[in-house]
Amino acid sequence: MLSLDFLDDVRRMNKRQLYYQVLNFGMIVSSALMIWKGLMVITGSESPIVVVLSGSMEPAFHRGDLLFLTNRVEDPIRVGEIVVFRIEGREIPIVHRVLKIHEKQNGHIKFLTKGDNNAVDDRGLYKQGQHWLEKKDVVGRARGFVPYIGIVTILMNDYPKFKVRVSCLLLSEMLLVWTINFVFILPFPYIEFKL
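Not measured: the values here are computed from a predicted model.

(A) Examining the overall build of the protein more closely. A count of helical and extended segments in the protein gives four helices and seven strands. Shown N-terminal to C-terminal, the secondary structure of the protein runs as helices and strands in the order α-α-β-β-β-β-β-β-β-α-α. When burial is assessed residue by residue, the protein has 28% of its 195 residues classed as buried. For the protein, contacts bridging at least 24 residues in sequence account for 56% of all contacts bridging at least 6. As presented, the protein carries roughly 13,500 Å² of accessible surface, and 64% of it is formed by carbon and sulfur atoms.

See the structure below:
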C-alpha cells in the first residue's frame, strides 16, 4: 500500500519538486562513483576494496572479511605479502600469500602464491602453461581489513532469494524516505523546526 501512496505523492508534486528529487538521487549516485574513482587513484588499484570469498586464507582472513588494497608501482613485491591477483580467463580475483619470488638479471620479477589454508601452491589455479605470476596480474596488496563486513555480499551471491529480499527492503526504505520528504518536508520549505 505504501507504493500506491508514494505514486499519489509523485503525481501531486510540481515539476520543481520532481527535479529536486531526481537531482538529489543523481548527486548520491555520482558522489558514490567519485569516491570509488578517488580511492582508485589514491591506492593505485583498480579495485581498492575486495571481499574474501573463500576460506583459503584462514586463519589470516576469513570468508566475508573486507580487504583494503593498494597497488603502487614503486613498491616491490615481497615473500609473505598478501596479494590479490587476477588470472586470465577467470572473472573473480584471488587473495593469496606470495610464497616465492624469481628475479631475473634485468630486474623482471615473477612470483608464486599459495593460500595459507591450502596444501599446495597455486600453479594449478594459473592458466595452462603458466607457472609464475607477474606484476601485471596483481590487482592490489592487502593493507588492512575489517572482519566479516563483506558477508552480505557472499549471502547475496550464494542465496538469490536473500538478494531479492535485501533489494526489496532497500527499495521500500527509499520509498519511505521519499514519501516522508514529500509529505512533511517539501510542503513546508520555510518553516524552521526546533527541538
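Now that the structure is up, let's keep going.
(B) Representation of helix α2 (residues 15–43). Compared with the 42 Å implied by 1.5 Å per residue over 29 residues, the 42 Å span of α2 between its first and last C-alpha is a close match. Positive phi appears at Gly 44, one or two residues downstream of α2, with a value of about 75°.

(C) Inspection of the sheet that holds strand β3 (residues 82–85) at higher detail. Spatial ordering of the open sheet is given by β1-β2-β7-β3-β4-β5-β6, a layout of seven strands whose pairing is antiparallel. Two strands in the sheet have a free side with no partner beyond their single neighbour: β1 (49–51) and β6 (133–134). Relative to strand β4 (residues 94–103), β3 is paired through four bridges, and the arrangement is antiparallel. Considered in β4, the bridge of Ile 82 is made with Arg 97.

(D) The arrangement of unusual backbone geometry in detail. In this structure, Pro 59 follows Glu 58 across a cis peptide bond, with omega equal to 10°. Within the secondary structure layout, Pro 59 lies in the loop between β1 and β2 (66–70). A positive phi angle, near 60°, is found at Tyr 148, a position not held by glycine. Mapping Tyr 148 onto the fold places it in the loop between β7 (138–146) and α3 (151–158). When its relative accessible area of 48% is taken as the criterion, Tyr 148 is described as partly exposed.

(E) The arrangement of a nonpolar patch on the surface in detail. On the surface, a nonpolar cluster with roughly 430 Å² of combined accessible area is contributed by Phe 25, Val 29, Leu 33, Leu 171 and Met 174. A per-element tally of the nonpolar patch places α2 first, with three residues. Along the polypeptide, Phe 25 turns up in helix α2. Phe 25 sits in the partly exposed class, given a relative accessible area of 41%.

(F) View of the packing of aromatic side chains. Inspection of every chain in the model, using the stated rule, returns two aromatic pairs. Ring geometry for Phe 61 against Phe 145: centres 5.1 Å apart, planes inclined by 80°, an arrangement best described as edge-to-face. Of this pair, Phe 61 sits in the loop between β1 and β2 while Phe 145 sits in strand β7, and the two are 84 residues apart along the sequence. Ring plane angle 80° and centroid distance 6.2 Å describe the contact between Phe 85 and Tyr 126, whose orientation is recorded as edge-to-face. One end of the pair, Phe 85, is in strand β3; the other, Tyr 126, is in the loop between β5 (109–114) and β6, with 41 residues separating them in the sequence. Assessed through its relative accessible area of 0%, Phe 85 is described here as buried. We classify Tyr 126 as buried; its relative accessible area is 5%. Above the face of the Trp 132 ring, Arg 123 is positioned so that its terminal group lies 5.2 Å from the ring centre.

Conventions adopted
Residues numbered from 1 in each chain as written. Predicted model: local features only at pLDDT ≥ 70, side-chain atom pairs only at ≥ 80, totals over all residues. Heavy atoms only, no water. Helix = DSSP H or I, 4+ residues; strand = E, 2+ residues; numbered from the N terminus. Buried < 20%, exposed > 50% of the residue type's maximum accessible area, 1.4 Å probe, protein only. Contact = heavy atoms within 4.5 Å. Areas by Shrake-Rupley, 256 points an atom, 1.4 Å probe, with all protein chains shown as cover. Expected span 1.5 Å × (residues − 1). Pairing = 2+ DSSP bridges. Patch = residues over 30% accessible without salt bridge, like charges linked within 9 Å, V, L, I, M, F, W, Y side chains within 5 Å. Salt bridge = Lys/Arg side-chain N within 4 Å of Asp/Glu carboxyl O. Phe/Tyr/Trp six-rings, centres within 6.5 Å; stacked < 30°, edge-to-face > 60°. Lys NZ or Arg CZ within 6 Å of the ring centre and 35° of its normal.

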